[in-house]
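What the coordinates show
Residues per chain are reported as follows:
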Amino acid sequence: MKNILILFCLVGMMGQASMAQMPHDAIYMNKKLGCGALIYSNSSWTNYWENQLFRDNPNIGRLTTESAMAMLAYGITKKLNVIAAVPYVRTNASQGNLMGQQGLQDASLWLKAKGYSANGLTLHGVLGLSAPVSNYVPDFMPMSIGIGSKAFVTRGIISYDLPKHIYLNSSIAYQMRSKVQADRDGYLAGDRFYNTSEVAVPDAFDAAVRVGYLKKDNQLELFAEHFSCVGGDNIRRNDMPFMTNDMTMTSVGVYGKYQPKNIGVNARVAYVVDGRNVGQSLSLSVGLLYLFKL
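Residues numbered from 1 in each chain as written. Predicted model: local features only at pLDDT ≥ 70, side-chain atom pairs only at ≥ 80, totals over all residues. Heavy atoms only, no water.

1. Details of the pattern of salt bridges
This is how it is decided: Salt bridge, as used here: a side-chain nitrogen of Lys or Arg that lies within 4 Å of a carboxyl oxygen of Asp or Glu. Strands are runs of DSSP state E lasting at least two residues, helices are runs of H or I lasting at least four, and both sets are numbered from the N terminus onward. Accessibility here uses a 1.4 Å probe with only protein chains present; expressed as a share of the type maximum, an area under 20% marks a residue as buried, one over 50% as exposed, and anything in between as partly exposed.
By the definition in use, this model includes 11 salt bridges. Note that Arg155 and Asp206 form a salt bridge whose closest N and O atoms lie 3.0 Å from each other. Taken together, the residues Arg155 in strand β9 (residues 151–162) and Asp206 in strand β15 (residues 204–215) connect sequence positions 51 residues apart. Like Arg155, the residue Asp206 is buried in the burial classification. Salt bridges linked by common partners bring Arg210, Glu221, Glu225 and Arg268 together as one network.

2. Some thoughts on the packing of aromatic side chains
For any pair of aromatic rings, geometry is given as the distance between the ring centres together with the angle between the planes. As a reminder of what qualifies: Pairing of aromatic rings covers Phe, Tyr and Trp, the last counted by its six-membered ring, and requires centre-to-centre distances within 6.5 Å; plane angles under 30 degrees mean stacked, over 60 mean edge-to-face, and any other angle means tilted. When the NZ atom of lysine or the CZ atom of arginine is within 6 Å of a ring's centre and also within 35 degrees of its normal, the charge is said to sit over that ring.
Enumeration over the complete set of coordinates arrives at five aromatic pairs. Arranged with centres 5.4 Å apart and planes meeting at 40°, the rings of Tyr187 and Phe242 form a pair that is tilted. On the criterion of sequence distance, the pair formed by Tyr187 in strand β12 (residues 187–189) and Phe242 in the loop between β16 (218–229) and β17 (248–258) is long-range, its members being 55 residues apart. Both residues of the pair, Tyr187 and Phe242, count as buried. Through a chain of ring-to-ring contacts, the aromatic side chains of Tyr187, Tyr194 and Phe242 assemble into a single cluster. One Lys or Arg, Lys112, reaches over the ring of Tyr28 and ends 4.8 Å from the middle of that ring.

3. Quick notes on the nonpolar core
Inclusion rule: Buried residues of nine kinds, namely Ala, Val, Leu, Ile, Met, Phe, Trp, Tyr and Cys, make up a nonpolar core once their side-chain atoms join them within 4.5 Å. Any two residues whose heavy atoms approach within 4.5 Å at even a single point are treated as in contact.
If you look at the biggest cluster of nonpolar residues, it comprises 18 residues, and the most contacted ones within it are Val199 and Met243. Where this core is concerned, the elements lending two or more residues are β12 and β16. Other than its neighbours up to four places away in sequence, Val199 contacts Lys179, Val180, Ala182, Tyr187, Phe242, Met243 and Thr244. Ala73, Ile83, Trp110 and Val126 belong to the second largest nonpolar core, which has 15 residues in total.

4. Some thoughts on unusual backbone geometry
A cis amide bond, omega 10°, links Met141 with the succeeding residue Pro142. Counting through the fold element by element, Pro142 comes out in the loop between β8 (121–132) and β9. For Lys32, which is not glycine, the phi torsion reads 70° and is therefore positive. With respect to the helices and strands, Lys32 occurs in the segment before β1 (33–45). Taking the relative accessible area as the measure of exposure, Lys32 reaches 43% and is therefore partly exposed. Although it is not a glycine, His165 sits at a positive phi angle of roughly 65°. Mapping His165 onto the fold places it in the loop between β9 and β10 (166–177).

The structure is reproduced here in structure tokens:
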């Protein structure tokens, strides 16, 4: 219901052209170049999908999720980059008595490697790990700041450069997630009761298609992204969401970046156009970027 996809907001840079770098793109920083970034994000919704029923909830009103993320990217070689990030997240409901939560969420680490490359076509592989870095409560959705599970992510990327600085990018990833300790002695998942506090969180995958313009210090990109759990149940009528829910969403948006020198800025807007067991959110983010050499 509150599906925070922080990794799509990560930003880095590459070489003297200081182009954007994310765990799902085909751009790399040169060897011994580092990048620090501070990114603020705001996501909010008033309507959500309870299974397939699109509705509002007066006990929540508008749910707002804010995050401030510190990020560092580094070029081990020009074909192997490492990216790390830690977000601080805060939630708030405009109506009702549910208290918002706040704190450090999950630390993430990615290794991105460039493989086959010929005639503008490149293939890439990404491995990622994430784990909670604070003792937040995952069993309080939609107010919780995260789902609480450790995760291992594998991603494949195909990118193709077209004339006049236009590029196409497609990626797909699979996310294996660990079990989570719930703040209860038992729980319902689907039509079955589990007499344990250990919750099996469903794995997930995401896929995306992007088309953009990239030249020196300018980048503009349009994208469509899809996220879905592998299995899981649905939110029961007038019930709270739970970690076993099959959260599915499709979003579209635009990303832009400008960085004439070492300091740059970027911005991203995304809107959920369809989903299940998630809110129809509008997400905005802005970032301050700094490129340095070691």
